[in-house]
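So you can see what is in the structure, the chains are spelled out below.
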Amino acid sequence: MTLNQHGLTTMPHATTPNSYRTGPDERGHFGTYGGRFVAETLMPLILELDRAYEAAKTDPAFAGELSNLHTHYNGRPSPLYFAERMTEHLKGAKIYFKRDELNHTGSHKINNCLGQILLARRMGKTRIIAETGAGQHGVAVATVCARFGLPCVVYMGATDIERQKPNVFRMKLLGAEVRPAVSGNATLKDAMNEALRDWVSNVTDTYYIIGTVAGPHPYPAMVRDFQSIIGKEVREQMMTAEGRLPDTLVACIGGGSNAMGLFHNFLDDKSIAIYGVEAGGHGLDVENGHAASMNGGKPGVLHGNRTYLLQDDDGQILEGHSISAGLDYPGVGPEHAYLRDTGRVTYVSATDKEALTAFQLCTKLEGIIPALEPAHALAYVTKLAPKLKKDNLLVMNLCGRGDKDIFSVAEHLGMEM
Amino acid sequence: MTQRTRIEARFADLKAKKRAALITFITAGDPDLATAREILMALPGAGADIIELGMPFSDPMADGPAIQASSLRALRAGHKMAHTLELVRDFRKADTTTPIVLMGYYNPIFVYPAETFVEDAAAAGVDGLIIVDIPPEADDELCLPAIKRGLNFIRLATPTTDDKRLPAVLANSSGFVYYVSITGITGTAAPDVYAVHKQVARIKRQTSLPVAVGFGVKTPEQAKAIAAGADAVVVGSALVSAIADSLGKDQKPSRTTVTSVVKVVQGLSQALTKD
């Protein structure tokens, strides 16, 4: 095994490191992934953000303010719910749902936005920008901006604006300006390009709230830290419920923030099996027909970090496809790329069809309408759980609710609204 | 002492003539390979002192609408990195003195991969590289291998690059320093000439390299004003927009595509050469 000066593996498929939780190094590397690949105009801003976050991280006042917001505004802790009928149906592992869909605004995205808006305020920033795909992150950003009285511009692909109308309306109600990104295929990656262009043009007053564990360092580590409250709660809640740690964790992966939030706390509990479920779209064998960057892509550099990307042989980024706008991104957080190569986390995929089936199953069996994103995680649970023993404690992150998806689900199922 | 590059030779020559360099940007393969080749060949005659050739990328984050569109036109016409190097090789057969700098984003080079890319680029006759999304903190990625192979690595300095950070930006820079005249993307806001001259002077206090100014310079008048306090002026979006405006309804090149770019370059060149 090759270790660099920070004790991180520098070779893919290296043998087991002592800890999976020490990354990133000070240049933002998780193994060979991550880093800071941005234009010079943004480098000083990113270094300033890094310093501000390092200071905030160790400030009890910052932690106190965030914790207070989580309790009284967000509604944390979210329940760890024993999905009894799902368990009976699948006849295997004992299935728990981490109910992050019950958060204020309906997904895990708010966990990160609360942390970053407090940081933006500490830094004296007076204008907020963000990118969004399905609109869950955009709504969460618009929400915290309303709560703290800051103007907010959300970039969203023109295609996504069309397929996620309810969230666009919510953002507007909350006072955000939704600007369509019209370049490329006009989806999430193009929205991120536009947000970066905005940031380069507004360097003094603007704070960019990235919604996932990707982007230039410190974003991947910072967003992970803000989402890690999910895993911390699961650890305590499972100890209370079962007197021991879970055996299996499952979460869906787009950029990978809900998954890092659940996984990070447990990475060094090596007996726990961890699965990330990518969006298989029409199938991994369909060219440009999926959004599984780790199962169907290769390493590259985009949006400030090195990670697995959907791309052609010439290094041009592909758009990918998923039924879920929230998973429809050609990259993935660099820490996932590292966890993939070291083998600590197993990355699998679920197709559009499998996710739709799981969506309906969850709705009918548990009375919970999941978002299409965690429906991918559930689709894999329906395959995995029957193979596991009845005393295997499985936790799936139910990271968003499906209200936003009912229109597209109706269309896919050919149902009248 | 390593051999003088074409970029260094060109700046030395222009310094003797007491004239600022005109650096022109076009995107390789825009609007298609054959037309791009014609434009490229016509640039030196029209007055371009140094040529920046953009490597098309699907996600040009630092570029404004004009250059984004040119990148997409090239990619839709089937442009590959191999074609970019082919253009340079063809150009070198006809012109052995005009420097060519490839400009673009890291990913297409990373997957090439980087070590092979600097080899092939140098062999094709490329003189320097400007890669927008590799900061000096990541010099080991491409900058150092490029220098080792005799290529200049031209770094961008920006209004946000303060005096404390400037030495890091200049450390492995060679050929020239590219000062980004605005905080923004290419071809949008017009630079404030007075502020730009002050910034160029600030950079020149820390380096003996020539300083070129770009991003937002469009007209001969702007070019002339900027050139009064800089060693070179970079114009890109104005050329690329001329290409876009000349295209037919089917987005195919017309009879005026090459000549319209030539006219823009001639106008800029005249502004820089006459007193």
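Conventions and cut-offs
- Here the residue index of a chain counts from 1 through its sequence in written order.
- Chains carry letters from A onward and ligands carry numbers from 1 onward, assigned in written order.
- Local features in a predicted model are, by the rule used here, given only for residues with pLDDT of at least 70; side-chain atom pairs are given and counted only at 80 or more, and totals for whole chains, interfaces and linings are based on all residues.
- Computation of side-chain values covers all heavy atoms of the structure but excludes hydrogens and water.
- The way it works is that DSSP assigns letters per residue, a run of H or I at least four long becomes a helix, a run of E at least two long becomes a strand, and they are numbered from the N terminus.
- Radius of gyration: C-alpha atoms only; globule rule: 2.2 Å multiplied by the number of residues to the exponent 0.38.
- Relative accessibility under 20% of the residue-type maximum defines a buried residue, over 50% an exposed one, and the middle range a partly exposed one, all with a 1.4 Å probe and only protein chains included.
- Only heavy atoms enter the contact rule, under which two residues are in contact if any of them lie within 4.5 Å.
- Per-residue and other accessible areas follow the Shrake-Rupley method at a 1.4 Å probe size, with only the shown protein chains counted as cover for residues.
- The charged-residue count follows a simple rule in which Lys and Arg add positive charge and Asp and Glu add negative charge, with His and chain termini not counted at all.
- By convention, the point assigned to a charge is CZ for Arg, NZ for Lys, CD for Glu and CG for Asp.
- Grouping buried Ala, Val, Leu, Ile, Met, Phe, Trp, Tyr and Cys residues that are joined through side-chain atoms within 4.5 Å yields what is termed a nonpolar core.
- When DSSP finds at least two bridges between two strands, those strands are taken to pair.
- Axis lines are fitted to C-alpha atoms, over the contacting stretch for helices. Their N-to-C directions set the angle, which ranges from 0 to 180 degrees.
- Buried surface area refers to the total accessible area, computed with a probe of radius 1.4 Å, that the two partners give up upon joining, counted for both partners together.
- The salt bridge criterion pairs a side-chain nitrogen of Lys or Arg with a carboxyl oxygen of Asp or Glu, the two atoms within 4 Å.
- Here a polar contact is recorded for every N or O atom pair within 3.5 Å, except that within protein the pair must consist of a potential hydrogen donor and a potential acceptor, and residues adjacent in sequence are included only if both atoms are side-chain atoms.
- Any residue outside Ala, Val, Leu, Ile, Met, Phe, Trp, Tyr, Cys, Pro, Asp, Glu, Lys and Arg is labelled polar, Gly included; the first ten of those are nonpolar and the last four are charged.
- One fewer than the residue count of a helix, multiplied by 1.5 Å, yields its expected span.

*Asks:* Would you explain the overall build of chain B in this entry?
*Replies:* Along the backbone of chain B there are 12 helices and 9 strands. The C-alpha radius of gyration computed for chain B amounts to 17 Å, which stays within 12% of the reference 19 Å derived for 275 residues, consistent with globular compactness. Across its three principal axes, chain B shows a C-alpha extent of roughly 50 × 45 × 35 Å. Residues counted as buried form 60% of the 275 residues belonging to chain B. Residue pairs at least 24 apart in sequence account for 73% of intrachain contacts in chain B once pairs closer than 6 positions are excluded. Surface exposure of chain B reaches about 10,800 Å², of which carbon and sulfur atoms provide 53%. Of note, chain B has its 30 positive side-chain charges centred 5 Å away from the centre of its 29 negative side-chain charges.

*Asks:* Explanation requested: the nonpolar core in the structure shown.
*Replies:* Generally speaking, a soluble globular protein has its nonpolar side chains buried in company with each other. The biggest cluster of nonpolar side chains holds 89 residues, and the ones touching the most others in it are Ile117, Leu119, Ile128, Tyr207 and Tyr208 of chain A together with Phe176 and Tyr178 of chain B. Setting aside chain neighbours within four positions, we find tyrosine 207 of chain A in contact with Leu49, Gln116, Leu119, Ala120, Met123, Lys125, Arg127, Ile128, Ile129 and Met222 of chain A. Membership of the second largest hydrophobic core comes to 70 residues, among which are Ala114, Ile134, Val217 and Val258 of chain B.

*Asks:* Mind showing me how you'd approach the sheet that holds strand E5 (residues 127-132) of chain A here?
*Replies:* Remark on secondary structure: sheet strands pair via backbone hydrogen bonds, oriented parallel or antiparallel. Residue and element names in this part refer to chain A. Here 4 strands make up an open sheet; going across it, the order is E7-E6-E5-E8 and the pairing parallel. Of all the strands in the sheet, the pair left with one neighbour each is strand E7 (177-181) and strand E8 (206-209). Strand after strand, the sheet turns through a mean of 25° between neighbouring axes, direction not considered. Sheet topology note: the E5/strand E6 (residues 152-157) ladder contains 5 bridges and is parallel. Residue pairing for E6: glutamate 131 is matched across the bridge by tyrosine 155. Sheet contacts for helix H8 (residues 188-201): E5, E6, E7 and E8; angle to E5, the most-contacted strand, approximately 160°.

*Asks:* How should I be thinking about the interface of chain B and chain A in this particular structure?
*Replies:* Bring the parts together and some accessible area is lost; that lost area is often taken as the interface size. Taken together, the contact pairs 37 residues of chain B with 36 residues of chain A. With both sides pooled, the region where chain B packs onto chain A buries about 2,800 Å², and carbon together with sulfur makes up 52% of that total. At the junction of chain B with chain A, the criterion picks out 4 salt bridges. Of the charged contacts, one joins aspartate 140 of chain B and arginine 27 of chain A as a salt bridge, the two residues approaching to 3.7 Å between their closest N and O atoms. Linking chain B to chain A there are 18 residue pairs in polar contact (both at pLDDT 80 or more). Where the side of chain B that touches chain A is concerned, the elements lending two or more residues are helix H3 (65-76), helix H5 (107-110) and strand E6 (156-157) of chain B. Tallied by class, the residues present in the side of chain B that touches chain A amount to 20 nonpolar, 9 polar and 8 charged.

*Asks:* What should I look at first to understand helix H4 (residues 109-122) of chain A in this one?
*Replies:* Note on helix geometry: an α-helix contains 3.6 residues per turn, so any two residues three or four positions apart are oriented the same way. Residues and elements named next belong to chain A. Here H4 contains 14 residues, and its C-alpha end-to-end distance of 21 Å stays within 8% of the 20 Å for a straight helix at 1.5 Å per residue. For H4, the set of buried residues is Lys109, Ile110, Asn111, Asn112, Cys113, Leu114, Gly115, Gln116, Ile117, Leu118, Leu119 and Ala120. Positioned one or two residues after H4, glycine 124 has a phi angle of 75°, which is positive.

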